[in-house]
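# Remarks on the overall topology
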Amino acid sequence: MKFRRKAVDLTSVAILIIAAIPTGSALTTQDCFDCHTDPDIVPTPIDSASFKTSVHGDLDCVDCHSDVTDVPHETRLKPVSCVLCHDDKTDQPAGSFHQAILERNAELAPNCMTCHGFAHEIRSSEQDRSPTHPRHVIMTCGKCHSDPTFIQDRKIEIPPSFLAGYAKLTHLKVVKR
Ligand code: HEC
Ligand code: HEC
Ligand code: HEC
Ligand code: HEC
Ligand code: HEC
């Protein structure tokens, strides 16, 4: 199983505490959709069908946006971190080596969504629509790695033929000049 939740103990403690407080029920995804699918209320409405069929379609909005506890809510909310639920070291080969680059603050470093698409629309890499599907990887990686200036400056060249016949990033060959 690729998904693992960190700090399981803390989570169950939190659930016990929440269960002990006799307040109204938690906000549902439908509560959020009441406003967030309506272009008259929000500037960028969410496509509910696309969200529901995404890898996160079974989650509630508040599983990620945990700081929304009441509506109407604050307009400045905390950014959501993917590694809260996904182990950045083991889940994803491409992500893990770019994680070091991200931490190094390298110019142009991709974050999770640069490769996987926007949070609400992420598909499994086995799905043809996903930018991480083998068929699209050449485009997804090529945005940076096919750029002649990028190759020139960074001295990293991923052979296009390799990406085209891409199978497993764990076996990715890097040509360092
Ligand atoms: C009463 C209407 C309403 C409801 C219900 C509502 N929202 Fe919002 N939400 C808004 C509006 C309006 C904005 C601000 C849009 C803007 O100005 O960019 C917003 C913005 C946000 C943002 C972006 C905040 C930021 O920092 O940019 C997030 C995330 C969000 N809502 C999550 C949720 C979640 C999760 C729920 C359900 C638990 C929810 N909202 C329910 C109206 C609503
Ligand atoms: C898997 C986690 C996850 C889930 C589930 C999720 N979001 Fe988000 N959402 C994010 C991330 C990541 C961002 C990018 C901004 C950030 O880092 O917070 C974002 C951004 C937003 C924004 C601001 C950007 C925009 O498009 O206007 C709104 C509003 C929002 N989410 C509402 C929702 C609502 C409503 C739901 C439930 C239908 C939902 N989110 C479900 C992770 C999630
Ligand atoms: C609140 C927890 C949570 C957060 C935050 C979260 N995810 Fe997920 N994610 C899940 C769950 C649960 C699944 C479904 C688990 C499964 O099917 O193995 C999933 C599935 C996925 C999958 C597909 C896994 C597979 O094996 O098909 C990808 C890719 C993914 N998430 C990427 C992201 C990215 C990128 C972000 C940040 C934008 C993010 N997730 C944030 C909980 C989360
Ligand atoms: C440089 C692009 C890139 C970045 C950055 C990246 N990923 Fe991925 N990720 C991929 C590709 C391509 C695959 C599928 C191929 C594979 O497994 O080698 C993948 C696979 C995954 C999977 C396994 C499920 C699936 O859809 O195959 C998860 C979960 C995941 N990534 C989560 C993340 C998270 C969380 C981050 C940020 C910490 C991240 N990724 C950053 C490109 C990226
Ligand atoms: C947003 C731009 C961007 C995208 C998209 C991108 N990368 Fe990178 N990649 C970088 C940067 C920046 C570096 C670090 C270059 C440096 O060291 O200066 C890097 C480094 C690498 C390295 C070398 C790692 C090392 O340890 O030296 C490999 C291999 C790589 N990327 C493969 C990929 C693959 C495969 C994809 C697509 C799944 C991808 N990249 C997508 C920007 C990107």
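Residues numbered from 1 in each chain as written. Chains lettered and ligands numbered in written order. Predicted model: local features only at pLDDT ≥ 70, side-chain atom pairs only at ≥ 80, totals over all residues.

### Let's talk about the overall build of the protein
Under the convention used in this document: A run of H or I in DSSP becomes a helix once it reaches four residues, and a run of E becomes a strand once it reaches two; helices and strands are each numbered from the N terminus. Counting other C-beta atoms within 10 Å of its own, a residue is labelled buried from 20 upward, exposed at 12 or fewer, and partly exposed in the gap between, with every C-beta atom placed from the backbone. Distance between backbone-placed C-beta atoms decides contact: two residues are in contact if it is within 7 Å.
The helix and strand inventory of the protein stands at nine helices and two strands. Helices (α) and strands (β) of the protein occur, in sequence order from the N terminus, as α-α-α-α-α-α-α-α-β-α-β. Out of the 177 residues in the protein, the part that is buried amounts to 9%. Intrachain contacts of the protein at a sequence separation of at least 6 include 38% that bridge at least 24 residues.

### Considering the site of ligand 2
Cut-off, in case you're wondering: Near residues are defined by distance alone, with the backbone-placed C-beta atom required to lie within 6 Å of the molecule or strand.
With respect to spatial proximity, 16 residues lie near ligand 2, and among them Cys32, Cys61, Cys64, Pro79 and Ala119 are the closest. For the shell around ligand 2, the secondary structure elements donating two or more residues are helix H2 (29-36) and helix H4 (61-64).

### Examining helix H7 (residues 134-145)
The criterion, for reference: Every helix has an expected span of 1.5 Å times one less than the residues it contains. Taken from the helix axis, the directions to the C-beta atoms give the arc we talk about.
An ideal rise of 1.5 Å per residue puts 16 Å on twelve residues; H7 measures up with 16 Å between its terminal C-alpha atoms. Residues of H7 that are buried: Val137, Thr140 and Cys141. Looking straight down H7, one finds its buried side chains confined to an arc of 85 degrees; they lie on one side. Facing away from the buried side of H7, by more than 90 degrees, are the exposed residues Arg135 and Met139.

### What to know about unusual backbone geometry
Residue proline 72 is reached from valine 71 by a cis peptide bond, and omega for that bond is -5 degrees. Positioned with a positive phi, leucine 108 is a non-glycine residue whose angle comes to about 75 degrees. By the secondary structure assignment, leucine 108 is in the loop between helix H5 (93-103) and helix H6 (112-116).

### Comments concerning the environment of isoleucine 46
Within the element layout of this structure, isoleucine 46 appears in the loop between H2 and helix H3 (48-52). The class of isoleucine 46 is partly exposed, set by 18 C-beta atoms lying within 10 Å. On a C-alpha basis, the gap between isoleucine 46 and phenylalanine 33 in space is 7.8 Å, while along the polypeptide they are 13 residues apart. Residues within four places of isoleucine 46 in sequence aside, it is in contact with His36, Thr37, Phe51 and His120.

### Re the confidence of the model for the protein
Rules: On a scale of 0 to 100, pLDDT captures the predictor's confidence in every residue.
Model confidence for the protein is summarised by a mean pLDDT of 77, while 69% of its residues fall at 70 or above. With pLDDT under 50 throughout, residues 166-177 is counted as low confidence; its partners more than four residues away or in other chains account for 16 contacts.

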